[in-house]
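Each chain, letter by letter, is given below.
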Amino acid sequence: MYELFIAIRHLTSRRRQTLFSILAVGLAVTGLMWSQAVMVGFTDEMYSKTVDRMAHVTVEPKEGEDYIHLYRKLTEEITRIDGVVGVSPVIAGAATFRFKDKNKNVVMQGINVEAQDSVLFINEDIVEGSFRDLEITPNSVVVGDALAEKLGVKIEDTIDASFPEANPAALKVVGIYNSGTPLDETIAITSLPTAQDFLDVSNVVTTILVRGDDRERAQAISEEIDAMGYPASGWKETNPEILQTLKVEGTSNYISMALIVIIASFGIVSTLFMAVMEKTKEIGMLMAMGVPRRSIMMIFVLESGILGLLGAVFGVILGAALAMQMGTYEYGTEVMAGITSIPFVVRIQDAVIIVLFTFLLNLIGGIYPASQASKLKPVEAIGRE
Amino acid sequence: MSDTYIIQIKDLTKIFGNGVEIRALDGVNLNIERGEFLAIVGPSGSGKSTLLNQIGILDTPTSGTILLDGVDVTKMSDKQRSITRNRQLGFIFQYHHLLPDFNALENAMMPLLISGVKSSRAREVASLMLHEVGLGDRMEHRPNQLSGGQNQRVAIARALVNNPSIVIGDEPTGNLDTKSSESIYELLRKLNREHKQTFILVTHDERMAAKTDRIIRLVDGRIAANSHNSV
Ligand SMILES: Nc1ncnc2c1ncn2[C@@H]1O[C@H](COP(=O)(O)OP(=O)(O)OP(=O)(O)O)[C@@H](O)[C@H]1O
Ligand SMILES: [Mg+2]
């Protein structure tokens, strides 16, 4: 591999240009690596604030039916699907809540507390009282803090619930929760039997919520449930805007950072052009010694590739070090979907992809000056001084 | 026939230029014997370098043929030309054209590395060759650390290291003072005797030409005289 020998010697001989090229690419890659760490962190944070707090899959009644009748059997079957970690049958219906002189239309959700917690971790959201009391105290309700404020209710107060075609009930407030979403103003949670009695239905539910061990498994799980005859949809279908947000942020970020790396690589290519011009006689002499055109080309492509590779490795290490050093970025206020800070997440696969991308980019960028070198005619290159 | 003649040139013509036509070589016929030590002389612009570049397959002719060891080089592919230049030909130019980033030893090793010889072996052979040209004590020096004459010796070592059957030199001493010219000439002559390689040298130095086996005189791209020197 004399080509590599020559390429490396060329680089070490013009040390200043070499260091400068590596530095330029390196700093661009540092930016790319660092912003990738922010992007991954943002994505993770976005998921943990949204998808990780919602049901991965939602199951609905069969076509043309209002309720899932045999929900216990279906729940058992869903529990047996690979990767399912939580299944919660829910009955939901509209209700008007009245406390003293205040009225509010709400969605009443009847749940099984343990099941619902396995899907939505509701117990983490409780600020007063407890969800468990729903199953101890008949005709009890847990309301969101915003709803409690609107109605002016506290724990132990009794709310009058009514709705056309429903059985009016007096519900005792046993808990107040705060999920940090606008739903805190509209959702009131009761036990399954309480909601079923109010809505005047038999032992049926309107939806079954499912959680998988991995959010990416939602599609597979929902397909299996579909196959059981119940329409199921994954979180990507029910909340397409989440993916949309991440995609837009991610793409614009990639494009701008990749552009910087491309510009830095142009530096390498132009240095290479100058080197080729400077070394015309040398190239002619190499040809006279029997170096074939392919190898002349390879020498210069290697030079470009080596610079790109070193720059990329240097940049990835520096970018990762910076990101890990900073740890998290604190915004101070909520920017979106409850996100107040972004952790920097450094992933090996990102480092590998960035290094490969930069290396390939420089290999390709080196092709043009290298092919100019290989097209020289030996006599003309050696010249006649 | 091709056993005695290592080089056979037939009707070789090289025309340069678009618009104004320059016949740098005009129907040259020349046979060169194996092991000959030959001088090409002639006025400036007579086509000496052009002829040498043709023999060294650094350039292609307009018409005519050149046989090296019986093989027509004008019909070779680019790759075959490279291989032939590497294995069969050694070049010495007026300027040494050493690779500036490599020391004397590495420069002398280069043709061996190019032909795929392992670097440890190339090192041995090149170092022997540098000793032979009298530069055994300067092997680690780069071209900018050596004198013109020393660099030219490195260039000679490089030209001969692959044991080529033909060595061509375009005014190899043209850039040196009389004293170094003479010692370079003596060196080439010694190498020619020891290695039985064919040497073709372009020179302006009539005294040096007189010491060769044969003198080819070019005028306006034609052979004007072809005379053997008495030894
Ligand atoms: N690449 C070229 N393009 C156009 N004309 C050329 C080229 N190379 C050589 N010539 C012309 O061909 C003729 C022969 O040139 P060549 O270099 O062979 O002469 P030479 O005998 O080596 O001269 P010198 O003793 O000065 O080196 C000259 O007229 C020269 O101008
Ligand atoms: Mg000349």
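Everything numeric in this text was worked out from a predicted model, so none of it was measured.

### Some details on the site of ligand 1
Taken together, 14 residues are adjacent to ligand 1, and Ser44(B), Gly45(B), Lys48(B), Ser49(B) and Thr50(B) come closest. More than one chain reaches ligand 1: the nearby residues come from chains A and B. Between ligand 1 and Lys48(B) there is a distance of 2.7 Å, counted from an oxygen atom to a side-chain nitrogen or oxygen. Within the side chain of His204(B), an N or O atom sits 3.2 Å from an oxygen atom of ligand 1. Computed on the free molecule, ligand 1 has an accessible area of 620 Å², of which 71% lies beneath the protein chains in the complex. At the level of elements, strand 2 (22-33) and helix 1 (48-55) of chain B are the ones that each hand at least two residues to the shell around ligand 1.

### Examining the sheet that holds strand 4 (residues 63-68) of chain B
Residue and element names in this part refer to chain B. Strand order across the open sheet formed by four strands is 2-1-4-5, with antiparallel pairing between neighbours. Either end of the sheet is taken by a strand with one partner, and the two such strands are strand 2 and strand 5 (71-72). Two strands pair when backbone bridges link them, and strand 1 (residues 5-16) and strand 2 are joined in this way by eight bridges, in the antiparallel orientation. Bridge pairing in strand 2 links Lys-14 to Leu-25. Against the sheet, helix 1 engages strand 1, strand 2 and strand 4, with an angle of about 125 degrees to strand 1.

### Examining the pattern of salt bridges
All names here are of chain A. Inspection of the entire model under this criterion finds 25 salt bridges over all chains. One salt bridge connects Asp-160 with Arg-98, and the closest N-O pair in it is separated by 3.9 Å. Residue Asp-160 is located in strand 6 (residues 158-162), and its partner Arg-98 is located in strand 2 (residues 84-99); the two are separated by 62 residues in the primary sequence. Residue classification places Asp-160 among the partly exposed residues on the basis of a relative accessible area of 35%.

### As for the interface of chain B and chain A
How large an interface is tends to be reported as the accessible area lost when its parts come together. Taken together, the 23 residues of chain B in the interface contact 22 residues of chain A. Taken together, both faces of the contact between chain B and chain A bury some 2200 Å²; the carbon and sulfur share is 67%. Its largest share of buried area at the contact with chain A, chain B owes to His97(B), Asp101(B) and Ile114(B), together 25% of the area lost on that side. For the pair chain B and chain A, the interface holds three salt bridges. For Glu106(B), the salt bridge identified is with Arg9(A), shortest N-O distance 2.6 Å. Inspection of the region where chain B meets chain A yields seven residue pairs in polar contact (both at pLDDT 80 or more). Contributing elements (two or more residues each) for the side of chain B that touches chain A: helix 2 (78-88) and helix 3 (104-114) of chain B. If you tally residues by element for the side of chain B that touches chain A, the top one is helix 3 of chain B, at five residues.

### Concerning helix 4 (residues 113-120) of chain A
All names here are of chain A. Taken together, the buried positions of helix 4 are occupied by Val-113, Ala-115, Gln-116, Val-119 and Leu-120. Buried residues in helix 4, looked at end-on, bunch into an arc of 160 degrees, giving them a common side. Buried residues belonging to helix 4 abut strand 2, strand 3 (102-111), helix 5 (133-136) and strand 9 (207-212). Positive backbone phi, at 50 degrees, marks Phe-121, one or two positions downstream of helix 4.

### Structural notes on the domain arrangement of chain A
Residues and elements named next belong to chain A. If you check the domain split of chain A, you get domain 1 (2-50 + 242-383) and domain 2 (54-235). Listed per partner, the contact involves five residues of domain 1 and four residues of domain 2. Of the roughly 390 Å² buried at the junction of domain 1 and domain 2 (both faces included), carbon and sulfur atoms supply 66%. By the criterion of area lost to domain 2, the three top residues of domain 1 are Tyr-47, Thr-50 and Ile-242, representing 85% of everything that side buries. Here domain 1 is connected to domain 2 by zero salt bridges. Put simply, domain 1 and domain 2 have zero residue pairs in polar contact (both at pLDDT 80 or more) between them. At the level of elements, helix 2 (15-49) and helix 10 (240-278) are the ones that each hand at least two residues to the side of domain 1 that touches domain 2.

### Structural notes on helix 4 (residues 119-132) of chain B
Residue and element names in this part refer to chain B. Given a rise of 1.5 Å per residue, 14 residues ought to cover 20 Å, and the 20 Å separating the end C-alpha atoms of helix 4 matches this to within 8%. At its buried positions, helix 4 is contacted by helix 3, helix 5 (148-160) and helix 6 (178-195). Residue Gly-134 follows helix 4 closely and has a positive phi angle near 85 degrees.

### Section: the sheet that holds strand 7 (residues 166-170) of chain B
Residue and element names in this part refer to chain B. In space, the six strands of this open sheet follow the order 6-7-8-3-9-10, with mixed pairing throughout. Looking at which strands have only one partner, the edges of the open sheet turn out to be strand 6 (89-92) and strand 10 (222-228). Neighbour-to-neighbour, the strand axes of the sheet open up by a mean angle of 15 degrees, direction not taken into account. Direction of pairing for strand 3 (residues 37-41) relative to strand 9 (residues 214-219): parallel, over a ladder of four bridges. Each residue of the ladder has a partner; that of Ala-39, found in strand 9, is Ile-215. Along the sheet, helix 5 makes contact with strand 6, strand 7 and strand 8 (198-202), crossing strand 6 at roughly 170 degrees.

### Thoughts on the packing of helix 10 of chain A against helix 12 (residues 293-326) of chain A
All names here are of chain A. Where helix 10 contacts helix 12, the two axes come as close as 10 Å, and the packing angle between them is 145 degrees. As for the relative orientation of helix 10 and helix 12, their crossing is right-handed in sense. Listed contacts from helix 12 to Ile-268, Leu-272 and Val-276 of helix 10 are Phe-300, Glu-303, Ser-304, Leu-307 and Gly-308. Of the residues in the contact of helix 10 with helix 12, the class split is five nonpolar, two polar and one charged.

### A closer look at the nonpolar core
Judged by nonpolar contacts, the single largest core of 87 residues is most densely connected at Leu130(B) and Ile200(B). Per-element tally for this core: the top contributor is helix 3 of chain B, with eight residues. Non-local contacts of Leu130(B), meaning those with residues more than four positions away in its chain, are made with Ala104(B), Leu105(B), Ala108(B), Leu135(B), Gly136(B), Met139(B), Val154(B) and Ala157(B). Within the second largest apolar cluster, 54 residues are counted, among which are Phe42(A), Ile208(A), Ile242(A) and Leu246(A).

### Re the environment of Asn103(B)
Mapped onto the fold, Asn103(B) is located in the loop between strand 6 and helix 3. Distance from Asn103(B) to Leu89(B), taken between C-alpha atoms, is 22 Å for residues 14 residues apart in sequence. Not counting residues up to four positions away in its chain, the partners in contact with Asn103(B) are Arg9(A), Met139(B), Glu140(B), His141(B) and Arg142(B). Reaching out from Asn103(B), the side chain makes a polar contact with the backbone nitrogen of Leu105(B) at a distance of 3.1 Å.

Here is what the cut-offs are and how they apply
- Residues numbered from 1 in each chain as written.
- Chains lettered and ligands numbered in written order.
- Predicted model: local features only at pLDDT ≥ 70, side-chain atom pairs only at ≥ 80, totals over all residues.
- Heavy atoms only, no water.
- Near = heavy atom within 4 Å.
- Polar contact = N/O pair within 3.5 Å; in protein donor to acceptor, adjacent residues only side chain to side chain.
- Areas by Shrake-Rupley, 256 points an atom, 1.4 Å probe, with all protein chains shown as cover.
- Helix = DSSP H or I, 4+ residues; strand = E, 2+ residues; numbered from the N terminus.
- Pairing = 2+ DSSP bridges.
- Contact = heavy atoms within 4.5 Å.
- Axes fitted to C-alpha atoms, helices over the stretch in contact; angles between N-to-C directions.
- Salt bridge = Lys/Arg side-chain N within 4 Å of Asp/Glu carboxyl O.
- Buried < 20%, exposed > 50% of the residue type's maximum accessible area, 1.4 Å probe, protein only.
- Buried area = accessible area lost by both parts, 1.4 Å probe.
- Arc of directions from axis to C-beta.
- Domains from an automatic or database assignment.
- Expected span 1.5 Å × (residues − 1).
- Left-handed = near helix turned anticlockwise from the far one by under 90°.
- Nonpolar A, V, L, I, M, F, W, Y, C, P; charged D, E, K, R; others polar.
- Core = buried A, V, L, I, M, F, W, Y, C linked by side-chain atoms within 4.5 Å.

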